[in-house]
Structures are given as C-alpha cells and as structure tokens.
Amino acid sequence: PVLMWRSDEKVTIPIRPGEDATYKVERLPAGQYSIGNYFTGKSAPLVTFSLSEGESKTVDIDTSALSQMKKTSLIVQVIGENGVPLIGAEAWLQDDAGEIEPLRGIGKEQFFVAEPGEYTLHTVYPGYKEATKKVRLEAGDITAARLRNSTVLIRLKKR
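Undergrad: Explain the layout of surface pockets to me, please; I cannot follow it from the model alone.
TA: Over the atoms rolls a probe the size of a water molecule, and in doing so it shows where empty space is left. Size it by volume and the largest pocket reaches roughly 470 Å³. Taken together, 20 residues make up the lining of the largest pocket; nearest its centre are Y23, K24, V25, K57 and T58.

Undergrad: What am I meant to see in the sheet that holds strand β7 (residues 98–100) here?
TA: Each strand in a sheet pairs with its neighbour through backbone hydrogen bonds, running either in the same direction (parallel) or in the opposite one (antiparallel). With antiparallel pairing, the four strands of this open sheet are ordered in space as β7-β6-β10-β11. Edge positions in the sheet fall to β7 and β11 (131–137), since each of these pairs with one other strand and no more. With strand direction ignored, the average angle separating the axes of adjacent strands in the sheet is 35°. Where strand β6 (residues 90–95) and β7 come together, three bridges link them in antiparallel fashion. Residue pairing across strands places L93 opposite I100, the latter belonging to β7.

Undergrad: I would appreciate a short explanation of the pairing of β11 in the present structure.
TA: Each regular strand shows side chains that alternate between the opposite faces of the sheet. Across seven bridges, strand β10 (residues 117–124) lies against β11 in antiparallel orientation. Across the sheet, residue E118 finds its bridge partner in β11, namely R136. Here β10 folds back onto β11 in antiparallel fashion, the turn holding six residues, of which G127 has a positive phi close to 85°.

Undergrad: Looking at this model, I keep getting lost on the side chain of S34. Mind explaining?
TA: With respect to the secondary-structure elements, S34 resides in strand β3 (residues 31–37). Ignoring any residue separated from it by four or fewer positions in sequence, one finds S34 in contact with L3, M4, W5, P45, V47 and T48.

The rules we used
Residues numbered from 1 in each chain as written. Predicted model: local features only at pLDDT ≥ 70, side-chain atom pairs only at ≥ 80, totals over all residues. Heavy atoms only, no water. 1 Å grid on protein atoms, 1.4 Å probe; cavity = no way out; pocket = protein on both sides within 12 Å on 5 of 7 lines; lining within 4 Å. Points joined across faces, edges and corners; volume = space filled by probe spheres on them. Pairing = 2+ DSSP bridges. Helix = DSSP H or I, 4+ residues; strand = E, 2+ residues; numbered from the N terminus. Axes fitted to C-alpha atoms, helices over the stretch in contact; angles between N-to-C directions. Contact = heavy atoms within 4.5 Å.

Structure, rendered in structure tokens:
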C-alpha cells in the first residue's frame, strides 16, 4: 500500500493503483507532498513534490526500492494481566544509537520500522509496572511486514 501526505500532516491519503496500474489523486490542496509505503511512512519517502493551488501534476513512483530497503518491522501489542489490550500504552525500542518511536499506532498495536539488529523494547502504561524485553529484528522485505511473524505480545503487571 502507498500513502501520500502533506508536510503539515493535515492531508494523509492512502492511494491504490487503478486497473491500468497507475495511481490517481485529484483535487488536492496546495502544499509540499511526499509519497511512500504505508509501513515506512515518513522514514523513507519514495518521492516528494510541491503542488500549487489548482495545479495538476504527474509524478513517477518506483516502488521496487521498497523491497530492497535495509529496514524491518515490528508490531507490538501491550496487554494487561487479564489479557485485555491496554489502548494507549507507550512503547519504544532502544539500542546504542538511541530510541526509536513507533511510526504509528494501529488500534491495539504499535508499529515500528528499524534497521535489523538487537533492541530493548520498553513498554509503559499508567498503573502498571514498566516492562522491557530484548528483541532481535531480522532483515526482511518491509512490504511484507504483515505476512511475517513480526508481532511481540507484552503482558504488563499491575503495580
């Protein structure tokens, strides 16, 4: 899936190819736009362009680079002791280079994109003890993130 967003983030549009394999979006407000993969979002735009008021533009998008990215993904689900999802739980990855925030929350999940490697996953939620877990992110095709077993379930305990 391909996503287009305006730099001020007031416009975000998932776009899909038509029957002729082209993407078409009409009547966009003026602004600076980027197009990228839904999973990688702003971390790896495929193309960026400006659009003036009333302007029409054709932009070439080469999605083949997505399967060559040296990035991988992780989906984190945080639950309480009773197994109920803790909506709004915070999660982040940490390694020697620093912290990595999730790209987006998808309902009950946090979605991360990072370089393959070893990380410490941190999770917190009010009224619960912070939990950490070592995770290893393996290299893979970022566009197939949901097809792989890339979900970690974290159970937090009450204080």
